[in-house]
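What follows is each chain in one-letter form.
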There are 2 protein chains.
Amino acid sequence: MVDNGFLRLHEVRIPRTNMLMRFAQVDRDGNFSKPPHDKIGYGTMVYVRSTIIGGAGKYLAYVITIAIRYSIVRRQFPPNSNPKGAEVQIIDYLTQQHKLFPYLAATYVMHFAGLQVMRMYHDNLKRISQGDMSQMAELHAVTAGLKSLTTEISIEGIEIARKSLGGHGFSKFSGVIDVLVDWIPSQTYEGENTVLYLQVASHIVKLMFGRKSQSLAPSSGFSYLFSQNDSKISPESTSKDFNQLGFLLSCFQHRSRFVIESVCAEFSSIMKSGKTFEETYNDLAVDLVRMAKCHSLYVLLAEFMKAIEQISDQQIRGMMADLFSMFACFMMERDAGDFLEDGFLSSAQIQLCRRTGRRLLRKIRPQALVLVDAWDFPDYLLNSALGAHDGHVYENLYKWAKKSPLNESDVADGVKQYLLPLMKKGQEKCGIQGIRARL
Amino acid sequence: MVDNGFLRLHEVRIPRTNMLMRFAQVDRDGNFSKPPHDKIGYGTMVYVRSTIIGGAGKYLAYVITIAIRYSIVRRQFPPNSNPKGAEVQIIDYLTQQHKLFPYLAATYVMHFAGLQVMRMYHDNLKRISQGDMSQMAELHAVTAGLKSLTTEISIEGIEIARKSLGGHGFSKFSGVIDVLVDWIPSQTYEGENTVLYLQVASHIVKLMFGRKSQSLAPSSGFSYLFSQNDSKISPESTSKDFNQLGFLLSCFQHRSRFVIESVCAEFSSIMKSGKTFEETYNDLAVDLVRMAKCHSLYVLLAEFMKAIEQISDQQIRGMMADLFSMFACFMMERDAGDFLEDGFLSSAQIQLCRRTGRRLLRKIRPQALVLVDAWDFPDYLLNSALGAHDGHVYENLYKWAKKSPLNESDVADGVKQYLLPLMKKGQEKCGIQGIRARL
């Protein structure tokens, strides 16, 4: 956004050949020919949105790297059991883990989901070149939903991580502010998030009412909405189940289907009462966004799970599975109402989910440093005194402060010339001697 | 936070009389005498936190004023039913109302709760001057919890309102960025929010286990935890009930009590398994914060309701009651899991809550402008081209842009001298004539 610029065009003729007409065309006689598919003009936007999904993981990872490294170095309060012992590393406080680890998990969730979507994009490009437009609408819906959801989660995580640094979170030297300012517009550009969620919702509404479902490919990310396999009540589950990727994913699938079916049922009933489609759509817009979010979260988890299944190294696969479960429990706890509302999960199961989430925080703790180091960001990129690889937080802060031009001399320029005379005049006026005498 | 400054003290002697010893004292012989109450040193902090509660309402109101005025002026898309008619004011989209109106309500909730807490503060000052320290701990807990909750809600609302402006939300001319930068540290200063929530939780744990409840004044904000009046299941309710302040407040009271009792029961059971108090505290820290938030939200609503009851003008009282209900429904929908978990509310009731919330958005719509104008912020304070009182958004943007020194001349300084020669050189190198010929 540039505030101070503006451009006005008055009686300007733009040549036909300057119209960026790759798919739609206007010929010399002024005849318009449509592109081969309605949504083909979205091609570049779909590509950029695909890059944003993984990008959200990367931007979030910058800040999570800084916050986790700092939380390992920073200590606060000795334990009661040993008041003269070393103070506790703040990363060992469960509240700090609960702030950072779900978003540490989110960096991997979004990174891998981004790779999966990029594969879908290239697969679709191949199809288009063969004249097959069948995947366009679905790809548009997937990227629109995931672009919104991942930018939302990443900005939320960046701000939570920033706050986890305490007062240092205001410091330019933290390196966090630049990331935040760089990435925060991602929620608005390339399609504003609410508008994109509504496009996802429109696609779902079309599927649910238009009986387009018959033409869905079995591989479609929407086919679960029409499958017979959805059980209305989850099986008796133990705390072990909340570590099972398949079980967790099926919960999010059921929840998305439940919310979509509820909203679409209300849609029908409002239309039957005599309102137009457009009126109904606006009446329910808030719920349409909610339903698109639920679907997109399910897709995000499903894509991450596909990626995990492709990992051959058992140890790494296990770590990724723990991140999946922790992130899923975190999101399930937050939206517990949707899982409880139709009785799919019981209150005892929500408590299991909560406890599993907390236990996974403890389990991830020894891996936290490895998991951020694996992103392998060089120090010059993080540009952070708090999050440098060497962990010398306070030495770095001191070094960086000394580099300031203001610190080249012991007393900054202008103090003797301007400030001291002013202060002296002030002291004389207030009778500073008098104040001292009173003490 | 100043990045480039540092101060080192080496062998500096500080005189005894410079120790700011109002309550605690050290005499000439080095004897220390304790203050009359443990928490009396928090007096100023308690005062500042009290001002923050209402302040959160004011800062949020700056941005909500800008966003609501802009959303009334800004139009986007003609209705399908009349494609050549005027475009729709964006405030008439339900998604925009759902972003802004709950936070419009929050400005009043926090403003009035702030006034109530300020009364408590002054009442307590009087007591202290009479040697009565009985309210210190409770006031500390109330202000700590509300400081955290209100700064959290206000920052959340400011960012949502900023995003509701679309691309204009990045503009310095929006006036929003300055408010955000000014207020965002409020979550960290005067007691970091998580730490403060834990202090509230500690107070509650002491009450629940220490049987301190017997000494609670009947007016105490904690006495509901020990009352016999809490019904485990809410009565059959109709959609009308979700407009009833008393009913809504009792839901939040029950919910807070349910969460507190659950967490404290788990606290007992972990301690019985052999862990120390400190270990248990850290194991449950995330839930202790959750419990403190639930209590603080109940207190916030209770204080707002007390303020509403003091309003004699029936019309204003009705408007404030609508804001109360809308805000309560919004928060209840968000945390629906807590209300469903113990069966206090049924899924049908959560749906009623959701629908009542949406209906209240429509009901508030005609009052939205009056409700922001009532804050009566002068234009120079908002400093916003988008949110000025006259509503001339685009004219203001144009005027403000023209004021930029860069726009004093048609072509900015340096273009002819530096840029044009560079561009000419570039064109020659790339053979721009060749590119043109190809088109």
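### Considering the overall build of chain A
And then number 1: Across its full length, chain A carries 16 helices and 2 strands.
And then number 2: Viewed in the frame of its principal axes, chain A has a C-alpha envelope of about 90 × 70 × 50 Å.
And then number 3: Burial status across chain A gives 41% buried among its 439 residues.
And then number 4: Contacts in chain A between residues at least 24 apart in sequence constitute 76% of all its contacts with a sequence separation of at least 6.

### What about helix α5 (residues 193-210) of chain B?
And then number 1: An ideal rise of 1.5 Å per residue puts 26 Å on 18 residues; α5(B) measures up with 25 Å between its terminal C-alpha atoms.
And then number 2: Where α5(B) is buried, its residues contact α2 (94-129) of chain A together with α3 (136-163), α6 (245-272) and α8 (285-309) of chain B.

### What to know about the interface of chain B and chain A
And then number 1: Contact residues are listed per partner, giving 47 residues for chain B and 47 residues for chain A.
And then number 2: Looking at the side of chain B that touches chain A, the elements that each hand over two or more residues are α2 (94-129), α7 (277-283), α8, α10 (336-341), α11 (347-364) and α14 (393-402) of chain B.
And then number 3: Element by element, the count of residues in the side of chain B that touches chain A is highest for α10(B), at 4 residues.
And then number 4: Across the side of chain B that touches chain A, the residue classes tally to 18 nonpolar, 20 polar and 9 charged.

### Some remarks on the packing of α2(A) against helix α8 (residues 285-309) of chain A
Any two packed helices are characterised by how steeply their axes cross, that is the angle between the axes, and by the distance between the axes.
Residue and element names in this part refer to chain A.
And then number 1: Relative orientation of the contacting elements α2 and α8 amounts to 85°, with a least axis distance of 8 Å. Between α2 and α8, the crossing angle belongs to the class labelled roughly perpendicular. Contact with α2, carried on its side by V109, F112, A113, L115, Q116 and V117, involves L300, E303, F304, K306 and A307 of α8 and no other residues of that element.
And then number 2: In terms of residue class, the contact of α2 with α8 is built from 8 nonpolar, 1 polar and 2 charged.

### Quick word on the relation of the copies chain B and chain A
Put simply, the two copies of the chain differ by a rotation about an axis and a shift along that axis.
And then number 1: Take chain B, turn it by 180°, move it 0.0 Å along the axis, and it overlays chain A with an RMSD of 0.1 Å. Look at the turn and shift together and you get a two-fold axis relating the two. Within chain B, the C-alpha atom positioned nearest to the axis of rotation is that of B:G337, 1.8 Å from it.
And then number 2: Counting the interface residues of chain B, we find that 100% of their copies in chain A are interface residues as well, pointing to one common contact surface.

### Considerations on the nonpolar core
One broad rule of soluble globular proteins: the nonpolar side chains tend to lie buried together.
And then number 1: The biggest cluster of nonpolar side chains holds 226 residues, and the ones touching the most others in it are A:I64 and B:I64.
And then number 2: For A:I64, the residues in contact, after removing those within four places along its chain, are A:L100, A:Y103, A:L104, A:T107, A:G157, A:A161 and A:V372.

### Some thoughts on the packing of helix α3 (residues 136-163) of chain A against α8(A)
Residues and elements named next belong to chain A.
And then number 1: The geometry of α3 relative to α8 is characterised by a closest axis approach of 9 Å and an angle of 90° between their N-to-C directions. The orientation of α3 with respect to α8, classified from their angle, is roughly perpendicular. Seen from α3, the contacting residues are V142, G145, L146, S148 and L149; seen from α8, they are A292, K293, H295, S296, L297, V299 and L300.
And then number 2: Looking at the contact of α3 with α8 residue by residue, the classes come out as 7 nonpolar, 4 polar and 1 charged.

### Thoughts on the environment of A:A302
And then number 1: Mapped onto the elements, A:A302 comes out in helix α8.
And then number 2: Exposure remark for A:A302: the 17 C-beta atoms within 10 Å place this residue in the partly exposed category.

### What to know about the environment of A:H122
Residue and element names in this part refer to chain A.
And then number 1: Within the secondary structure, H122 sits in helix α2.
And then number 2: For H122, a count of 11 C-beta atoms within 10 Å corresponds to the exposed category.
And then number 3: The sequence separation of H122 and N243 amounts to 121 residues, and the corresponding C-alpha distance is 33 Å.

### Comments concerning the confidence of the model for chain A
Residues and elements named next belong to chain A.
And then number 1: Residues with a pLDDT of 70 or more make up 93% of chain A, whose mean pLDDT is 90.
And then number 2: Ranking the elements of chain A by mean pLDDT puts helix α16 (residues 432-438) last with 49 and helix α12 (residues 368-373) first with 98.
And then number 3: Contacts from residues 434-439, a stretch scored under 50 in pLDDT, to residues over four places away or in other chains number 1 contact.
And then number 4: Two numbers describe this predicted complex: its pTM, 0.92, and its ipTM, 0.91.

### Here we look at unusual backbone geometry
Residues and elements named next belong to chain A.
And then number 1: The backbone of E11 shows a phi angle near 55°, a positive value even though the residue is not glycine.
And then number 2: Looking at where E11 falls in the secondary structure, it is placed in the segment before β1 (25-26).
And then number 3: A residue is classified by how many C-beta atoms lie within 10 Å of it, and E11, with 4 of them, is exposed.
And then number 4: If you check the backbone angles, N383 has positive phi at about 50° while not being a glycine.
And then number 5: Mapped onto the elements, N383 comes out in the loop between α13 (379-382) and α14 (393-402).
And then number 6: Assessed through the 19 C-beta atoms surrounding it within 10 Å, N383 is described here as partly exposed.

### A look at α8(B)
And then number 1: Helix length check: α8(B), at 25 residues, gives a terminal C-alpha distance of 36 Å against a target of 36 Å (1.5 Å per residue), a fit within 8%.
And then number 2: The element α8(B) is extensively covered by neighbouring structure, given that 22 of its 25 residues are classed as buried.

Definitions and limits used
Residues numbered from 1 in each chain as written. Chains lettered and ligands numbered in written order. Predicted model: local features only at pLDDT ≥ 70, side-chain atom pairs only at ≥ 80, totals over all residues. Helix = DSSP H or I, 4+ residues; strand = E, 2+ residues; numbered from the N terminus. Buried ≥ 20, exposed ≤ 12 C-beta atoms within 10 Å, placed from the backbone. Contact = placed C-beta atoms within 7 Å. Expected span 1.5 Å × (residues − 1). Nonpolar A, V, L, I, M, F, W, Y, C, P; charged D, E, K, R; others polar. Axes fitted to C-alpha atoms, helices over the stretch in contact; angles between N-to-C directions. Parallel < 35°, antiparallel > 145°, perpendicular 65-115°, else oblique. Least-squares fit on C-alpha atoms with pLDDT ≥ 70 in both. Core = buried A, V, L, I, M, F, W, Y, C linked by C-beta atoms within 7 Å. pLDDT = per-residue confidence, 0-100.

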